[in-house]
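Each chain, written out:
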Amino acid sequence: MYARLAAAVRRFDEKFGWSWIGACLSVAIITAAAYVLYRTLRGIHFHKVMAAMAATEPRDVVVAAGFVAAAYFTLTFYDLFALRTIGRRDVPYRVAALAGFTSYSIGHNVGASVFTGGAVRYRVYSAHGLSAIEVAKLCFIAGLTFWLGNAAVLGLGIAYAPAAASAIDHVPAWLNRTLAIGTVIALVIYIAWVWRTPRIIGWQNWEVALPNGPLTLLQIVIGIVDLSCCAAAMYMLVPDEPYIGFVVLAVIFVSATLLGFASHSPGGLGVFDAAMLVALWQYDKAELLAGLLLFRVLYYITPFALALAILGGRELWLGLHARRAAPAAVGPPQRPDDGREPGPDAERRDLHDRAQAPSPVESK
């Protein structure tokens, strides 16, 4: 039975490729989100959204910006943790912070963050001696931190407030709670699996040692702090009325973020927004849309602009440094050393030596 199933999977991969399924899933999610946005925003006027943005308390925007800054600060520890896990303790935190901030800022906005973020990381880390294999391992550990954090937040959050997930997936609350408890149990089993015995996964020349139990707990804490800061920023920007609990909003926010991630659209554009608008139906649509736009400015656009400026300035500095180092490496042309001291008569001596030397015809 297993051999038949494996053969069927192999034939499907050879004929179609698993990337085909991912592409179809992304198109389906984006299409459904576009339809939902059209239905939801059809009666909303742009001037109402702008008025709602202008009416937002400046204090709420400042606090939300602080939570966004804290979230991106936490993201830098994704890379630092991954560097220490693969044994590259020689790379300082400032390099990890640069790579982590710029890779996530660009990956969030461009889409397909696995490739775009990986390319940015390789550009930064290759200057510090990391190979492509080491960068791939680093990206894997950082991604593992992200998914462990998501599993913890959604597992615990949905187990506490299953109706929040039902607002998005329209699955009965009892089933959502059952799935959430199953997720938490799976997380506990994974922690127990890596707790004592070193676990190495991979194949051929690509193998990576998974963090042990205590380090896995640290991974989960990093992921939870990151996602909690993001959800808190969103919480400060949604309308004040009607009241909604932070845990409920966090579950909805993380679920909507994962849908946007699965769509591979830049910044989850359209998909994230549609999920938030559907799940938070109790809010005024114009005010909620204003909060979503402010969140995009704070979490996506501003860090993206900063990342581009930082990377552009770094590339400019590296180019200037390379140009200055090139002449020093080549050095001025050296004259052959004939044992005579240089001086004002050196040129006359050279002319005299050439005049006394036999011509090519005489030397034959």
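All of these numbers come straight from a predicted model, not from anything done at the bench. (Residues numbered from 1 in each chain as written. Predicted model: local features only at pLDDT ≥ 70, side-chain atom pairs only at ≥ 80, totals over all residues. Heavy atoms only, no water.)

Novice: I would appreciate a short explanation of the overall build of the chain in the present structure.
Specialist: A count of helical and extended segments in the chain gives 15 helices and 2 strands. Taking all 364 residues of the chain together, the buried fraction comes to 39%. Considering only residue pairs separated by 6 or more positions, the chain has 68% of its internal contacts joining residues 24 or more positions apart. For the chain, the computed accessible surface area is about 21,000 Å², with 68% contributed by carbon and sulfur atoms. (Helix = DSSP H or I, 4+ residues; strand = E, 2+ residues; numbered from the N terminus. Buried < 20%, exposed > 50% of the residue type's maximum accessible area, 1.4 Å probe, protein only. Contact = heavy atoms within 4.5 Å. Areas by Shrake-Rupley, 256 points an atom, 1.4 Å probe, with all protein chains shown as cover.)

Novice: Explanation requested: the side chain of Asp 60 in the structure shown.
Specialist: Looking at where Asp 60 falls in the secondary structure, it is placed in helix H4 (residues 58-85). Once residues within four sequence positions are removed from consideration, Asp 60 is found in contact with Met 236 and Leu 237.

Novice: Would you mind going over a negative patch on the surface with me for this structure?
Specialist: Side chains of Glu 57, Asp 240, Glu 241, Asp 284 and Glu 287 sit close together on the surface and give a patch of like negative charge. Secondary-structure assignment places Glu 57 in the loop between helix H3 (46-55) and H4. (Patch = residues over 30% accessible without salt bridge, like charges linked within 9 Å, V, L, I, M, F, W, Y side chains within 5 Å. Salt bridge = Lys/Arg side-chain N within 4 Å of Asp/Glu carboxyl O. Lys, Arg positive; Asp, Glu negative; His and termini not counted. Charge placed at Lys NZ, Arg CZ, Asp CG, Glu CD.)

Novice: I keep staring at the packing of aromatic side chains and nothing clicks. Help me out?
Specialist: For any pair of aromatic rings, the description consists of the separation of the ring centres together with the inter-plane angle of the planes. Under the criterion given, the structure shown has 14 aromatic pairs. Ring geometry for Phe 253 against Phe 272: centres 5.7 Å apart, planes inclined by 85°, an arrangement best described as edge-to-face. One end of the pair, Phe 253, is in helix H11 (residues 246-263); the other, Phe 272, is in helix H12 (residues 271-279), with 19 residues separating them in the sequence. With a relative accessible area of 4%, Phe 253 lands in the buried category. Joined through ring pairs, the aromatic side chains of Tyr 72, Phe 101, Phe 253, Phe 272, Phe 295, Tyr 299 and Tyr 300 make up one cluster. Residue placement shows Arg 121 over the ring face of Tyr 104; its charged tip is 4.9 Å from the ring centre. Directly above the aromatic system of Tyr 300 lies the positively charged group of Arg 296, at a separation of 4.9 Å from the ring centroid. (Phe/Tyr/Trp six-rings, centres within 6.5 Å; stacked < 30°, edge-to-face > 60°. Lys NZ or Arg CZ within 6 Å of the ring centre and 35° of its normal.)

Novice: Got a minute to help me understand the confidence of the model for the chain in this structure?
Specialist: Low pLDDT marks regions whose predicted coordinates should not be analysed in detail. On average, residues of the chain carry a pLDDT of 81, and 75% of them reach 70 or more. Considering only residues more than four positions removed or in separate chains, one finds that residues 359-364, a stretch of pLDDT under 50, has 0 contacts. (pLDDT = per-residue confidence, 0-100.)

Novice: Quick question: what am I supposed to make of the pairing of strand E2 (residues 206-209) here?
Specialist: As a general feature of sheets, a regular strand has side chains that alternate between the two faces. Along E2, the buried face is formed by Trp 206 and Val 208; none of Glu 207 and Ala 209, which line the opposite face, is buried. Count of turn residues in the strand E1 (residues 200-203)/E2 antiparallel hairpin: 2 residues, of which Gln 204 carries a positive phi of about 50°. (Pairing = 2+ DSSP bridges.)

Novice: How do you make sense of the environment of Leu 217 when you look at a structure like this?
Specialist: Considering the arrangement of structural elements, one finds Leu 217 in helix H10 (residues 213-237). Among the residues examined, Leu 217 registers a relative accessible area of 38% and is labelled partly exposed. Through-space distance from the C-alpha of Leu 217 to that of Leu 148 is 9.3 Å; in sequence the pair is 69 residues apart. Those residues in contact with Leu 217 that sit more than four places away from it in its chain are Ile 191 and Trp 195.

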